[in-house]
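Remarks on the overall topology
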Amino acid sequence: MYEGVVQNLIDELGRLPGVGPKSAQRIAFHLLAADPADVERLTKALREVKDKVRFCRTCGNVAEEDECRICRDPRRDPAVICVVEESKDVVAIEKTREFRGRYHVLGGAISPIEGVGPEDLRIRELMQRLADGTVTELILATDPNLEGEATATYLARLVKPMHLKVTRLASGLPVGGDLEYADEVTLGRAFEGRRLLDV
Amino acid sequence: MRDNAGVSLYRDEGIVLRTQKLGEADRIVTVLTRRTGRIRAAAKGVRKTKSRFGARLEPFTHVDLQFYERRSLDLITQAETLRPYGEPLVTDYPRYTAGTAMLETAEKLTAEEKEPALRQFLLLLGGLRTLADGAHDPRLVLDAYLLRSLSVAGWAPALDECVACGSRNRLRAFAIAAGGAMCGNCRRPGAATPAPPTLELMLALLRGDWEHADGSQPRHRAECSGLVAAYLQWHLEHGIRSLRHVEREAAPITTIDEEPG
C-alpha cells in the first residue's frame, strides 16, 4: 500500500477494463514521473470527453453536438439506414468505405437472459425514423452471434408491414483464410449466402 | 468419476446455456454437460472473427468439448458441434425467447457446479430438439419443459389429485404454495381457480401427451402458462428473467384470470 493519493490513483486506474493491479501501479508511477504538461493534456482529454460528448439525437451514435457528423452530412444517403449494436460498429463499418448511407445505433442486442428486451434498445426511435417514408432500405448489421441474429429477426418482423427492403450483412469465410479451417456453422452460412459469379 | 481422472484434461458433451464476455476477446461459457453437470469454463479468443470456436460455443449448441482443468476456471481447449439448435431458433422470435427461458431455467435448477445432473441434461436436450422441430406451439414446449424440470428437481406439482386430501374428484383450485391442485372442499383462500381443461392441459404437458396438448384452446394455454410461471417463480428464489420476454406465436392473447398463490 502506498500513501493516500498514490494509492487512490492506482485504485481508480485498476477499475478500468483490462487493467489489473500491477498495470495500474505501472501507469500510476509513469504518470508520477511524466512531464506535467503531458498529464495536463490527459486530464483535459478526460474532462472534455465527459463534458462534450453526448449521443446523437437521431441515430444514437456518439456526437459532440446534438447530431453526429454522419447525420449532419448532406452527402450521406438518407434512404438507407444501417442498424448496428454499438458506436464501435459504426467506426468498423466506416473503415470499409463501402457504405454511404446513415446509421442507427441500438445500444446493444436483445438478450432475455440478461434481462434486455426490445424496449430497452433504441427501437422506438428507429421506428420513428422509418415512419416518414424517406428510408427505403434497412441494413441489419447486428453482431453475427445468437443475440445479434435474434435482434435482426425481431427487427425484420417488426418492419415487415412497412414494405422496406430489409437486408442482413452476409456471414461467411474470412478473407485471407483457409477454407478447411472454417467452422461448420460459418461454412454453412457461406454456402447459404453464395452468390452468382457473373464473368 | 470421470474417465481420465488424474489427468488435467477431460472431455464431455453439453449444451451451452450462456456466454459472458471476458476481457478483450474471450468468453466465459456456461455448459450443462452429460456427465459433469453444469460447468463454467473460459474460451480464449472466441470473439475474434477468425476464431473457429466462436460459432460452436453459442447458446443452444449441443457440443462435444475438451476441458483443461485449472484451479479456478477450467479452459475449453476443443469444441466440436454435435447439433446447433440455435440456428433454427434464432430465425423465429417466439421460439427463440421460449428457448432462452429454458436455458435460464436449466442453469437455475442446477445450482451446484460440477454436480452431475443427467436427467436435467436429457430433459433440456429433448426440449430443445422439440422446440427446434417446430411441430408444437413454442409456449407449450416451454411449459412442458418447465413442469418436467421442476419435477426432476423435486418440485413436481400434484395435478391429478388434491394436495391436501388426495381426492381425485372435483379438483377446482391450484394452490402454488401448497404444491398443486386442490378439491372444492380443501380449497384455500387465495388459491387460483383455473378452468378444468387448464389443469388437464398441465397434466398432459407433464406426461408428454402432445395429442391432448396440441388440441387445447388458446385461453387454457395462456392460463396454464400463467400458473406454470407463478409456480416456477415460487420455487426459484431469483426467478427467471427471460420469462418476461417470451412471446406467443398466435396473435390473440386471452386474459389470464390469475390470482396470487
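Residues numbered from 1 in each chain as written. Chains lettered and ligands numbered in written order. Predicted model: local features only at pLDDT ≥ 70, side-chain atom pairs only at ≥ 80, totals over all residues. Heavy atoms only, no water.

Quick look at the overall build of chain A
For chain A, the helix and strand inventory stands at 8 helices and 6 strands. The N-to-C order of helical and strand elements in chain A reads α-α-α-β-β-α-β-α-β-α-β-α-β-α. In terms of overall dimensions, chain A is more spread out than a globule: its C-alpha atoms have a radius of gyration of 22 Å, far above the 16 Å expected for 199 residues. Structurally, chain A occupies a C-alpha span of about 65 × 45 × 40 Å along its principal axes. When burial is assessed residue by residue, chain A has 39% of its 199 residues classed as buried. With the model as given, the accessible surface of chain A reaches about 13,100 Å², and the carbon-plus-sulfur share is 55%. (Helix = DSSP H or I, 4+ residues; strand = E, 2+ residues; numbered from the N terminus. Rg over C-alpha atoms; globule rule 2.2 N^0.38 Å. Buried < 20%, exposed > 50% of the residue type's maximum accessible area, 1.4 Å probe, protein only. Areas by Shrake-Rupley, 256 points an atom, 1.4 Å probe, with all protein chains shown as cover.)

A short note on the overall build of chain B
Scanning chain B from N- to C-terminus turns up 7 helices and 7 strands. For chain B, the sequential pattern of α-helices and β-strands runs β-β-β-β-β-α-α-α-α-β-β-α-α-α. Expected size for 261 residues packed as a compact globule is a radius of gyration near 18 Å; at 20 Å, chain B falls within 12% of this value. Dimensions of chain B along its principal axes, counting C-alpha atoms only, are 60 × 40 × 30 Å. Residues counted as buried form 54% of the 261 residues belonging to chain B. Of the contacts formed within chain B by residues at least 6 apart in sequence, a portion of 58% connects residues at least 24 apart. Summed over its atoms, the accessible surface of chain B is roughly 12,000 Å², and 48% of this surface lies on carbon and sulfur atoms. (Contact = heavy atoms within 4.5 Å.)

Overview of the interface of chain A and chain B
Taken together, the contact pairs 24 residues of chain A with 30 residues of chain B. For the pair chain A and chain B, the summed buried surface comes to about 2,300 Å²; carbon and sulfur atoms form 55% of the total. Taken as a group, Pro112, Ile113 and Leu146 of chain A account for 32% of the area that chain A buries against chain B, more than any other trio of residues on that side. Counting every contact that joins chain A to chain B gives 5 salt bridges. Measuring nitrogen to oxygen at the nearest pair gives 3.0 Å for the salt bridge that ties arginine 189 of chain A to glutamate 87 of chain B. The interface formed by chain A and chain B contains 8 residue pairs in polar contact (both at pLDDT 80 or more). Counting only elements with at least two residues in the side of chain A that touches chain B, the list comes to α7 (146-159) and α8 (184-192) of chain A. The element that contributes the greatest number of residues to the side of chain A that touches chain B is α7 of chain A, accounting for 7 residues. (Buried area = accessible area lost by both parts, 1.4 Å probe. Salt bridge = Lys/Arg side-chain N within 4 Å of Asp/Glu carboxyl O. Polar contact = N/O pair within 3.5 Å; in protein donor to acceptor, adjacent residues only side chain to side chain.)

Re the packing of helix α5 (residues 196-207) of chain B against helix α7 (residues 218-235) of chain B
Residues and elements named next belong to chain B. Relative to each other, α5 and α7 sit at 65°, their axes nearing to 9 Å. Considering the angle they form, α5 stands roughly perpendicular to α7. α7 is crossed by α5, and the crossing has right-handed handedness. Residues Pro197, Thr198, Leu201, Met202 and Leu205 of α5 touch α7, and the partners they reach there are His220, Arg221, Glu223, Cys224, Leu227 and Val228. Of the residues belonging to the contact of α5 with α7, the class tally is 7 nonpolar, 2 polar and 2 charged. (Axes fitted to C-alpha atoms, helices over the stretch in contact; angles between N-to-C directions. Parallel < 35°, antiparallel > 145°, perpendicular 65-115°, else oblique. Left-handed = near helix turned anticlockwise from the far one by under 90°. Nonpolar A, V, L, I, M, F, W, Y, C, P; charged D, E, K, R; others polar.)

Comments concerning the pairing of strand β6 (residues 165-168) of chain A
Each regular strand carries side chains that alternate between the two faces of the sheet. All names here are of chain A. As defined by bridge partners, strand β5 (residues 137-140) adjoins β6 across 4 bridges and the pair is classed as parallel. Among the inter-strand pairings, isoleucine 139 is bridged to a residue of β6, identified as threonine 167. For the crossover that starts at β5, traverses α7 and ends in the parallel β6, the hand is right-handed. (Pairing = 2+ DSSP bridges. Right-handed = clockwise from strand over helix to strand, strands pointing away.)

A short note on the sheet that holds strand β3 (residues 77-84) of chain A
Residues and elements named next belong to chain A. Ordered in space as β4-β3-β5-β6, the 4 strands form an open sheet in which the pairing is parallel. This sheet does not close on itself; its edge strands, each paired only once, are β4 (101-105) and β6. This sheet shows a mean twist of 25° between the axes of neighbouring strands, independent of strand direction. Bridge count between β3 and β5: 4 bridges; the pairing is parallel. The residue of β5 that forms the bridge with cysteine 82 is isoleucine 139. Strands β3 and β4 of the sheet are contacted by helix α5 (residues 87-96), whose axis makes an angle of about 155° with β4. Together, β3, β5 and β6 form the strand contacts of α7, whose direction differs from that of β6 by roughly 175°.

What about the UniProt feature "domain: Toprim" (unreviewed entry) in chain A?
Per the UniProt annotation, the sites labelled "domain: Toprim" (unreviewed entry) are residues 79-174 of chain A. In this annotation, residues 79-174 of chain A is assigned 34% helix and 20% strand; the end-to-end C-alpha distance for the span is 29 Å. (UniProt positions renumbered as here; feature names shortened; annotations may be inferred.)

Describing the state of the cysteines
All names here are of chain A. On inspection of all chains with the given rule, the structure shows 0 disulfides over all chains. As a non-bridged cysteine, cysteine 68 has cysteine 59 as the owner of its nearest cysteine sulfur, 3.6 Å distant. Left unpaired, cysteine 82 is separated from the closest cysteine sulfur, that of cysteine 59, by 11 Å. Take cysteine 82: its relative accessible area is 2%, and that puts it in the buried class. (Disulfide = S-S within 2.5 Å.)

Considering the confidence of the model for chain B
Averaged over chain B, the pLDDT score is 88; the fraction of residues at 70 or greater is 92%. As a predicted assembly, this complex carries a pTM of 0.83 together with an ipTM value of 0.79. (pLDDT = per-residue confidence, 0-100.)

Some words on the domain arrangement of chain A
Put simply, an interface is often sized by how much accessible area is lost when its parts join up. Domain annotation of chain A identifies domain 1 (4-52) and domain 2 (62-196). Taking only C-alpha atoms into account, the centre of domain 1 of chain A sits 35 Å from that of domain 2 of chain A. (Domains from an automatic or database assignment.)

Observations regarding the pattern of salt bridges
A complete count under the given rule lists 31 salt bridges over all chains for this structure. Across the salt bridge formed by aspartate 66 of chain A and arginine 57 of chain A, the nearest N and O atoms sit 3.7 Å from each other. A relative accessible area of 43% means that aspartate 66 of chain A is categorised as partly exposed. Residue glutamate 119 of chain A is joined to arginine 244 of chain B by a salt bridge in which the shortest nitrogen-to-oxygen separation is 3.8 Å. Here arginine 244 of chain B lies in the segment after α7 and glutamate 119 of chain A lies in the loop between β4 and α6 (123-131), a pairing that spans two chains. The class for glutamate 119 of chain A is partly exposed, based on a relative accessible area of 48%.

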